[in-house]
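Descriptive structure summary
As a plain string of letters, each chain reads:
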Amino acid sequence: PSTHEELALYCAKAADMPCALAEANRAASMQPQDAQIAFTNAIVRSLLGRGEEALDWLDRAIGLGLTRAEITNEPALAPLRSNPRYRKLVGLTS
């Protein structure tokens, strides 16, 4: 993972929303076609309680090739699991 991804996750876990979003967005702007970076953006937003944004990023990550196992094994996405949109997205993965 990139330094920006790692910093974004650290900031999100510390509840520093401005830092987390800035670093996650920076990582995504540097590598917009990277599924893992899109997934990190989903995780960051889930940790920050921004569920719809997390699902948007999850949708993007799936489109870039993220697998079901990566999604279902990520504990930070637990708050999204009851959302029908999350279940639909996971159903689209391989």
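Each remark here, short or long, concerns the structure printed above.
Residues numbered from 1 in each chain as written. Predicted model: local features only at pLDDT ≥ 70, side-chain atom pairs only at ≥ 80, totals over all residues. Heavy atoms only, no water.

1. Quick word on helix 3 (residues 35-47)
Owing to its 3.6 residues per turn, the α-helix aligns residues three or four sequence positions apart on the same side. Rules: For the purposes of this entry, the term helix denotes a DSSP run of H or I that reaches at least four residues, the term strand denotes a run of E that reaches at least two, and both are numbered from the N terminus. The span expected for a helix works out to 1.5 Å for each residue beyond the first. Accessible area is worked out with a 1.4 Å probe on protein chains only. A residue is then buried under 20% of its type maximum, exposed over 50%, and partly exposed in between. Contacts were defined at the residue level, with two residues in contact if any of their heavy atoms lie within 4.5 Å. N or O atoms within 3.5 Å of each other form a polar contact, as long as, within protein, one can give a hydrogen and the other can take it, and as long as residues adjacent in sequence are counted only when both atoms are side-chain atoms.
Here helix 3 is 13 residues long and its end C-alpha atoms lie 18 Å apart, about the 18 Å a rise of 1.5 Å per residue gives. Counting buried residues along helix 3, 11 of its 13 residues qualify, which places the element largely inside the surrounding structure. Taken together, the buried positions of helix 3 are occupied by A35, I37, A38, F39, T40, N41, A42, I43, V44, R45 and S46. Structurally, helix 3 contributes buried residues whose contacts are with helix 1 (3-13), helix 2 (17-30), helix 4 (51-63) and helix 5 (68-72). Sitting at the head of helix 3, D34 places a side-chain oxygen 2.8 Å from the backbone nitrogen of Q36. Phi turns positive one or two residues past the end of helix 3, at G49, with a value near 80 degrees.

2. Side note on the environment of N83
Summarising the element assignment, N83 is placed in the loop between helix 5 and helix 6 (84-91). Along the primary structure N83 and W57 are separated by 26 residues, whereas in three dimensions their C-alpha atoms are 15 Å apart. Residues in contact with N83, not counting those within four places in the same chain, are E52 and L55.

3. With respect to the state of the cysteines
As used in these notes, a disulfide is a covalent bond between sulfur atoms, one from each of two cysteines. Spelled out, the test is: Disulfides are defined as cysteine sulfur pairs within 2.5 Å.
Across all of its chains, the model carries 1 disulfide by this definition. Each disulfide pairs two cysteine sulfurs, and for C11 the partner residue is C19, the sulfurs being separated by 2.0 Å. Among the residues examined, C11 registers a relative accessible area of 4% and is labelled buried.

4. Points about helix 1
Under the convention used in this document: In this context, the arc is that of the directions from the helix axis out to the C-beta atoms.
Of all the positions in helix 1, only E5, A8, C11 and A12 are classed as buried. Buried residues of helix 1 fall within an arc of 130 degrees about the axis and therefore sit on the same side. Residues T3, Y10 and K13 are exposed on helix 1 and point more than 90 degrees away from its buried face. Of the surrounding secondary structure, the elements contacted by the buried residues of helix 1 are helix 2 and helix 3. Phi turns positive, to about 60 degrees, at A15, one or two residues after helix 1.

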